[in-house]
Amino acid sequence: MKLPNVRQGFRLSILAAVVCGSAVFAQSPAPAAPAAPGVGQSGQPAVPVGRGQGRGPALPPVVIGPPAPVPPEVALPTAAEVTQLNDALGKFIAGDRSTTAPLLKRYEHVVLLPPFHVNTAATYTQTAQRMGPRHEGFVERARQGNIDLLLHGDSITDWWVQNDENKAMFDKYFANIKTANFAVAGDTTQGVLWGLHNGEGQGYQPKAVMLMIGTNNSGGSTAPEIAAGIGAVILELRSNFPDAKILLLAIFPRGLPGDAVRDKIAQVNKLIARLDDQKHVFFLDIGAKFLDENGVFLPDSFRPDNLHPVAKGYDIWGQAVQAKLAELLK
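If you're wondering where the values come from, they're calculated on a predicted model, not measured in any experiment.

Regarding the packing of aromatic side chains
At step 1: Inspection of every chain in the model, using the stated rule, returns 13 aromatic pairs.
At step 2: Each ring, one from Trp160 and one from Phe170, has its centre 6.1 Å from the other, and the planes form 70 degrees; the classification is edge-to-face. In this pair, Trp160 is assigned in the loop between helix H6 (155-158) and helix H7 (164-174) and Phe170 in helix H7, connecting sequence segments ten residues apart.
At step 3: Taking 4.7 Å as the distance between ring centres and 55 degrees as the angle between the ring planes, the aromatic pair formed by Phe252 and Phe290 counts as tilted. Here the residue Phe252 occupies a position in the loop between strand E4 (245-249) and helix H10 (260-272), and Phe290 occupies one in the loop between strand E5 (281-284) and helix H11 (311-328), the gap between them amounting to 38 residues. Neither residue differs from the other here; Phe252 and Phe290 are each classed as buried.

Here's what the structure looks like:
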């Protein structure tokens, strides 16, 4: 999907679509400027954005890495396209003589796209979660090969085997499949991208990948930015594993009905559904299976944080993907 050419005389319906997109695109600030000179991966400037948490030696500062390719279906406007769109929209608003003109002039600051900035969610960034023994262990496991199914994501996937109850659900659905789980609690799209690009995606060729990532980006990125990050992960998986079938799961709902984060996740899921090509990428939204008729998590299926499944939730998850994974693993 390519961005359409910008022409004078936008129809109001097209303008409305741009307004909706710019409203969410504008929520995320640009990455902070470097506190000190330095160089990150691929010669990019180092941008300290935090340190790992917990006991033990302090981890190196996280450095925003270079941008990753993003599929056109979920790509954001380039700097040149932002300028082009804003010029055209400004002319449209200034020349509009319809009854909507006062509203357009009043909310011009909302209609126009914000200045371009790098979408951190779609960069090769070594997050704190991908530093140290976990990442090194994944690289070693990748070198060993013999992996038919790769599970990838954040804590929601990582904790399939956190305790005996969860592990029993894992064994119920995956015991007979050569499976590796490279998900890490707390990680983001950019961390998954970096890991896959730096040893976690080399040395083996799985038949299928089950991916769910993005919920940890929701605090600092807009829905379109998160979708672009997920799209970049899909491209990286396709590059590393050209013959694998990718089961792209919609991000699970979190919070309660009416929470802003749940609405943002729903928008992300609507965008990443565009990545389904029914050849290599298969989008599946099983979120509703965890909820009752009021949109509240089923009893005893998720933790009180309304984010992480417990054994019953993992059982629902396993049942929901079992048949599709069997199909993709053929």
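Moving on, there is more to tell.
Observations concerning the pairing of E4
Each regular strand displays side chains that alternate between the two surfaces of the sheet.
At step 1: With four of five residues buried, E4 is to be regarded as a mostly interior element.
At step 2: Pairing of strand E3 (residues 208-212) with E4 involves four bridges; the strand directions are parallel. Bridge pairing in E4 places Met210 opposite Leu247.
At step 3: You can see the chain leave E3, run along helix H9 (residues 223-240) and come back into E4, and the turn it takes is right-handed.
At step 4: In this sheet, E5 lies alongside E4 in parallel orientation, the contact comprising four bridges. What sits directly across from Leu249, in E5, is Leu284.
At step 5: As a crossover connection, the stretch from E4 through H10 into E5 is right-handed.

A closer look at the pattern of salt bridges
At step 1: The full count for this structure, using the stated rule, is seven salt bridges.
At step 2: The partner of Lys324 in a salt bridge is Glu327, with the nearest N and O atoms 3.3 Å apart. Here Lys324 and its partner Glu327 are both found in helix H11, three residues apart, which amounts to about one turn of the helix.
At step 3: Within the structure, one salt-bridge network assembled from shared partners comprises Arg130, Asp187 and Glu200.

Looking at the packing of helix H5 (residues 133-144) against helix H8 (residues 189-200)
At step 1: The interhelical angle for the contact between H5 and H8, taken along N-to-C directions, is 50 degrees, at an axis separation of 9 Å. Judged on the interaxial angle alone, H8 and H5 are oblique. Crossing angle aside, the handedness with which H5 passes H8 is right-handed. From H5, His135, Phe138, Val139 and Ala142 reach across to H8, where they touch Trp194, Gly195, Asn198, Gly199 and Glu200.
At step 2: Split into classes, the residues belonging to the contact of H5 with H8 amount to four nonpolar, four polar and one charged.

Section: the sheet that holds E5
Two orientations exist for strands paired in a sheet by backbone hydrogen bonds: parallel and antiparallel.
At step 1: Strand order in this open sheet of five strands is E2-E1-E3-E4-E5, and the pairing throughout is parallel. Each end of this open sheet is capped by a strand with a single partner; those strands are strand E2 (179-181) and E5. Each neighbouring strand pair of the sheet contributes to a mean axis angle of 20 degrees, computed without reference to strand direction.
At step 2: In the sheet, strand E1 (residues 149-153) pairs with E3 via five bridges, with the strands oriented parallel. Paired with Gly153 across the two strands is Met212, which belongs to E3.
At step 3: Here H9 sits on the sheet and contacts E3, E4 and E5; the angle it forms with E4, its principal contact strand, is near 165 degrees.

A few points about unusual backbone geometry
At step 1: Within the chain, Asp300 stands out as a residue other than glycine whose phi angle is a positive 65 degrees.
At step 2: The phi torsion at Asn306 lies on the positive side, around 55 degrees, for a residue other than glycine.
At step 3: Its location among the elements puts Asn306 in the loop between E5 and H11.
At step 4: According to the relative accessible area criterion, Asn306 is buried, its value standing at 18%.

Calculation rules
Residues numbered from 1 in each chain as written. Predicted model: local features only at pLDDT ≥ 70, side-chain atom pairs only at ≥ 80, totals over all residues. Heavy atoms only, no water. Phe/Tyr/Trp six-rings, centres within 6.5 Å; stacked < 30°, edge-to-face > 60°. Helix = DSSP H or I, 4+ residues; strand = E, 2+ residues; numbered from the N terminus. Buried < 20%, exposed > 50% of the residue type's maximum accessible area, 1.4 Å probe, protein only. Pairing = 2+ DSSP bridges. Right-handed = clockwise from strand over helix to strand, strands pointing away. Salt bridge = Lys/Arg side-chain N within 4 Å of Asp/Glu carboxyl O. Axes fitted to C-alpha atoms, helices over the stretch in contact; angles between N-to-C directions. Parallel < 35°, antiparallel > 145°, perpendicular 65-115°, else oblique. Left-handed = near helix turned anticlockwise from the far one by under 90°. Contact = heavy atoms within 4.5 Å. Nonpolar A, V, L, I, M, F, W, Y, C, P; charged D, E, K, R; others polar.

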